[in-house]
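Results of the structural survey
If you want the building blocks of each chain, they are given just below.
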Amino acid sequence: MIKGRSSNREIEVLNQISHVIVRQKNVSLLLKEVLDIFYREIGLQRGTVTLRRGKAMYIEASHGLNDAEIKRGKYDLGEGVTGRVAQIAKPIIIPEISDDPNFLDRTQSRSDLQGIAFLCVPIIYEGEVIGTMSMDRKKGPNTDLEKDFNLLETVANILADAVSIIFIEKEERDRLLEENRLLKLELDENPRPTNIIGNCSKMREIYLMISQVADSMATVLIRGGSGTGKELVARALHRGSSRRSNPFVIVNCAALPENLIESELFGHEKGSFTGATNRRVGRIEAAHTGTIFLDEIGDLRPPMQVKLLRFLQERTFQRIGSNQEHKVDVRVLAATSVNLENMIGAGDFREDLYYRLNVFPIALPELKDRRSDIMLLADNFLAKYNELYKKSIKRFSTPAINAMMTYAWPGNVRELESCIERAILTSADDTIHIYNLPPTLTLQADQKFPSTVHYAKMDADFATLVSSFERELIIDALKLKLGNVAAAARQLELTPRILHYKIEQLNIDLSIYKS
């Protein structure tokens, strides 16, 4: 704090800085303008604000330094005066820098060190040193270093919130850049199939497995609940193989009657049974040189399981009504939404067939276990059905997003797609609102986010409506900034401290909005 009676000069400096803080939203320019005020009103020769990155301090803003000098301004913790201030979290005054061996002149910006004092103070935010503020002061008969030092320390304290925004932003940017680098490296090595939407870690594991097994003859067993995208994975495996230009044949074992499935798979000869008026080529033969996908393989009855096992072992088959063996070159993929191990235990599925099919298993996650992909999928379906129904819906309201992000999705991606199609058909403007979603979603959202859901009803008191409006504004900002509080605070023109207080006050769950 400034000691004793403050002179008009100090009051004028603080007054000018307060006006800059109110007016200037760009924090880097704010720091530069503060240093310029010190130059005009105090007479500093050079000034810097450094920020900590890792275990070193780097110049963020300066006065009196050129670009080359700024680049040289890096100080490890404990190194030189600036590094020492950052390390001990206490200010240092050097009355004569030419006499102090600890003064490095790292920037090499001073041609003459004689008659120069150096003042450096820490910038502390929430008990942690995040930067330093320093200035060179030419000594004269009227120089009062103690007053200059107190003023510099006061300004550093005032600017701590503003500097913390840059500090947090840079840390976040460095983290995101590193994540993007690793993600890009991973995606370059294991590119996402074009027909599948999703970037969560579990889906990236699926993409890796697809890339490993696609161009092989290995039998793949795709497991997952109804609507998780088993057929999409099968198509991706086919497209990723050297058979991509050849047939891809789908057989839904659950949709075919037991007395017809053998004919569907292996074909039949004319007259082999009542109604067989012509010879018929089966699906396996039709898939020659390509891929056959046996969906819901767990619905095959035991007699048919025996015949499929023989085909997988020999890669030959007989049409119904014929003794002639036919050999085919076909890749077999299978899928199931049931627990085959339990079926084996109950005697409903052959163990030897299971091991023939389960050469390379791929287990797809439920949609509730890949929540970071929900809005990505929703946006994709929004574009799809906008085009189909000639609509121009642009966004989802925050309550609608809350409902989709918290719903359990027992029908997985298929249920989400149906939900978006229904919402587009019922929407009367350019936004999908919560009342456009099915009742199963709105009921759950009503229980979890009551103030948000009822915001449009206008039947609450004034304070509740204001809180609901504040909540929606904050959630929109958090959604836009992927749960980054510092970035959301800048969006709302608040300090991170105030936004944290509001988030706690309104009981907002940050984890929902983080990617």
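In this report, we go over the structure that sits alongside the text. (Residues numbered from 1 in each chain as written. Predicted model: local features only at pLDDT ≥ 70, side-chain atom pairs only at ≥ 80, totals over all residues. Heavy atoms only, no water.)

1. As for the sheet that holds strand β4 (residues 92–94)
Sheets are built from strands paired through backbone hydrogen bonds, the pairs being either parallel or antiparallel. To keep it simple, the criterion reads: Strands are treated as partners if at least two bridges between them are detected by DSSP. Helix and strand assignments come from DSSP, with helices taken as H or I runs of at least 4 residues and strands as E runs of at least 2, each series counted from the N terminus. To obtain each axis, a line is fitted to C-alpha atoms, and for helices this fit is confined to the stretch in contact; angles are then taken between N-to-C directions over 0 to 180 degrees.
Overall, antiparallel pairing links the 6 strands, which are arranged β3-β2-β1-β6-β5-β4 in an open sheet. Pairing within the sheet leaves two strands with one partner each, and these edge strands are β3 (74–76) and β4. Across this sheet, the average inter-strand angle for adjacent strands is 20°, counted without regard to direction. The sheet contact formed by β4 and strand β5 (residues 116–125) spans 3 bridges and is antiparallel.

2. A word on unusual backbone geometry
Stated formally: Relative accessibility decides the category of a residue: with a 1.4 Å probe and only protein chains considered, values under 20% of the type maximum give buried, values over 50% give exposed, and everything between is partly exposed.
In the Ramachandran plot, lysine 390 falls in the positive-phi region, its phi being about 55° despite a non-glycine side chain. Relative to the helices and strands, lysine 390 resides in the loop between α14 (374–388) and β16 (395–396). Accessibility expressed as a relative area gives 73% for lysine 390, which makes it exposed. Residues other than glycine seldom take positive phi values, yet tryptophan 409 does so here, at roughly 50°. Within the element layout of this structure, tryptophan 409 appears in the loop between α15 (398–406) and α16 (412–426). The exposure class assigned to tryptophan 409 is buried, which follows from its relative accessible area of 0%.

3. Structural notes on the packing of aromatic side chains
Heads up, the condition is: Two rings belonging to Phe, Tyr or Trp (six-membered ring only in the last case) form a pair when the distance between their centres is within 6.5 Å. Interplanar angles under 30 degrees mark stacking, angles over 60 mark edge-to-face geometry, and anything in between is tilted. Only when the NZ atom of a Lys or the CZ atom of an Arg is both within 6 Å of the ring centre and within 35 degrees of the ring normal do we say a charge sits over the ring.
Considering all chains together, one arrives at 7 aromatic pairs under this definition. An angle of 65° between the planes, with centres 5.0 Å apart, marks the rings of phenylalanine 103 and phenylalanine 118 as edge-to-face. Taken together, the residues span a long stretch of sequence, with phenylalanine 103 in the loop between β4 and β5 and phenylalanine 118 in strand β5 at a distance of 15 residues. Take phenylalanine 103 and phenylalanine 118: they sit in the same class, and that class is buried. Between tyrosine 385 and tyrosine 389, the aromatic rings sit 6.0 Å apart at their centres with planes inclined by 15°, giving stacked as the arrangement. Of the residues examined, tyrosine 385 reaches a relative accessible area of 7% and is grouped as buried. In textbook terms, an aromatic cluster arises when at least three aromatic residues are bridged by ring pairs, as seen for Phe266, Phe311 and Phe317. The ring centre of tyrosine 58 lies 4.2 Å from the NZ or CZ of arginine 53, which sits over that ring. The residue whose ring lies beneath arginine 315 is phenylalanine 311, and the NZ or CZ to ring-centre distance is 5.8 Å.

4. Focus on the side chain of arginine 46
To keep it simple, the criterion reads: Throughout, a residue-residue contact means that at least one pair of heavy atoms, one from each residue, lies within 4.5 Å.
When you line up the elements, arginine 46 lands in strand β1 (residues 44–53). According to the relative accessible area criterion, arginine 46 is buried, its value standing at 13%. If sequence neighbours within four positions are ignored, arginine 46 has contacts with His63, Gly64, Leu65, Ser109, Arg110, Ser134, Met135 and Asp136.

5. Brief notes about the pattern of salt bridges
Keep this limit in mind: Counted as salt bridges are all cases of a side-chain nitrogen of Lys or Arg within 4 Å of a carboxyl oxygen of Asp or Glu.
According to the stated counting rule, one finds 21 salt bridges in the structure shown. In this structure, glutamate 341 and arginine 223 form a salt bridge, with 2.8 Å as the shortest nitrogen-oxygen distance. Of the two residues, glutamate 341 is situated in helix α12 (residues 340–345) and arginine 223 in strand β7 (residues 220–223); the sequence distance between them amounts to 118 residues. On the basis of relative accessible area, glutamate 341 is assigned to the partly exposed category, the value being 34%. Each of Glu264, Arg280 and Arg283 takes part in salt bridges that share partners, so that together they form one network.

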